[in-house]
Amino acid sequence: TQLLEQSPQFLSIQEGENLTVYCNSSSVFSSLQWYRQEPGEGPVLLVTVVTGGEVKKLKRLTFQFGDARKDSSLHITAAQPGDTGLYLCAGAGPNQFYFGTGTSLTVIP
Amino acid sequence: EAQVTQNPRYLITVTGKKLTVTCSQNMNHEYMSWYRQDPGLGLRQIYYSMNVEVTDKGDVPEGYKVSRKEKRNFPLILESPSPNQTSLYFCASSFSSGHEQFFGPGTRLTVL
């Protein structure tokens, strides 16, 4: 059972375009994390959101946690080739982490 | 340098031959876990450990064992590997559950 569904699964865009990745669940999480993974490496944390409705900005990346703490989105403004990678959301339960299915982003120069 | 190390990085083995993948962290983290990553399925948690001598099943524990005798080490054991355990495995550690997880570089396992 996949608790977290991400969409889209694949995304290929031109440099300079904007994009949004969604992470949806029917479960409530105490916090939600976004990771980025490059080929041949482990995921690396981008941000953690904790409060329902919270918005965090990390340069050109904007993260939002849904009011009910069940869903989240990642918006990238003016995408660059360096943003290429696999983006994963992860919900924190009482003792476990639940990862989303992942969104593979390719930014074409 | 703060890090999580895994060994081996690559392993090809045959069905039924017991193997161990080691994981070690130098950050004094209490929480450690193992994941497998398969295309289209994301990362799925196999086992996790809240502290020394405390381990619990994750979402896909069948066919795996773990131990946590020391805080820094959390080996993953496959007693009798099968082809459906061919996957990319990651070890991770964090201060506690819910905090940022630090991942190892991954172990690519192929079971023939």
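Model, not experiment: these values are computed from the prediction.

Outline a nonpolar patch on the surface, listing residues and values.
Judged by side-chain polarity, I12, V14 and L112 of chain B come together as a nonpolar surface patch covering roughly 320 Å² of accessible area. Assessed through its relative accessible area of 57%, L112 of chain B is described here as exposed.

Explain the sheet that holds strand β7 (residues 65-66) of chain B to me, using residue names and the numbers behind them.
All names here are of chain B. Read across the sheet, 4 strands follow the order β1-β3-β8-β7 without closing on themselves; strand pairing throughout is antiparallel. The open sheet has two edge strands with one neighbour each: β1 (4-7) and β7. Across 3 bridges, the pairing between strand β3 (residues 19-25) and strand β8 (residues 76-78) is antiparallel. Paired with T20 across the strands is I77, a residue of β8.

Describe the pairing of strand β3 (residues 19-25) of chain A, listing the residues and the values that go with them.
Residues and elements named next belong to chain A. Along β3, the buried face is formed by L19, V21, C23 and S25; none of T20, Y22 and N24, which line the opposite face, is buried. Of the pairings in the sheet, the one linking strand β1 (residues 4-7) to β3 comprises 4 bridges and is antiparallel in character. Within the sheet, the bridge partner assigned to E5 lies in β3 and is N24. Here 5 bridges tie β3 to strand β8 (residues 72-76), and the two strands are oriented antiparallel to one another. Across the sheet, V21 pairs through a bridge with L74, a residue of β8.

Account for the side chain of Q101 of chain B, naming residues and giving values.
All names here are of chain B. With respect to the element layout, Q101 can be found in the loop between β9 (87-94) and β10 (102-103). Since its relative accessible area comes to 1%, Q101 is described here as buried. Polar side-chain contacts of Q101 include one of 2.8 Å to the side chain of Y35.

So, unusual backbone geometry: which residues are in play, and what are the values?
The step from S7 of chain A to P8 of chain A runs through a cis peptide bond, and the omega angle for that step is -5°. Note on placement: P8 of chain A falls in the loop between β1 and β2 (10-14). Going from N7 of chain B to P8 of chain B, the amide bond is cis rather than trans, its omega being -5°. Tracing the chain through its elements places P8 of chain B in the loop between β1 and β2 (10-13). Not every positive phi belongs to a glycine, and K59 of chain A is a case in point at roughly 55°. Structurally, K59 of chain A can be placed in the loop between β6 (55-58) and β7 (61-65). A relative accessible area of 84% places K59 of chain A in the exposed class. Located in the positive-phi region is A78 of chain A, a residue other than glycine, with phi close to 50°.

Parameters at a glance
- Residues numbered from 1 in each chain as written.
- Chains lettered and ligands numbered in written order.
- Predicted model: local features only at pLDDT ≥ 70, side-chain atom pairs only at ≥ 80, totals over all residues.
- Heavy atoms only, no water.
- Patch = residues over 30% accessible without salt bridge, like charges linked within 9 Å, V, L, I, M, F, W, Y side chains within 5 Å.
- Areas by Shrake-Rupley, 256 points an atom, 1.4 Å probe, with all protein chains shown as cover.
- Salt bridge = Lys/Arg side-chain N within 4 Å of Asp/Glu carboxyl O.
- Buried < 20%, exposed > 50% of the residue type's maximum accessible area, 1.4 Å probe, protein only.
- Pairing = 2+ DSSP bridges.
- Helix = DSSP H or I, 4+ residues; strand = E, 2+ residues; numbered from the N terminus.
- Polar contact = N/O pair within 3.5 Å; in protein donor to acceptor, adjacent residues only side chain to side chain.

Just distances and angles here, no functional claims.
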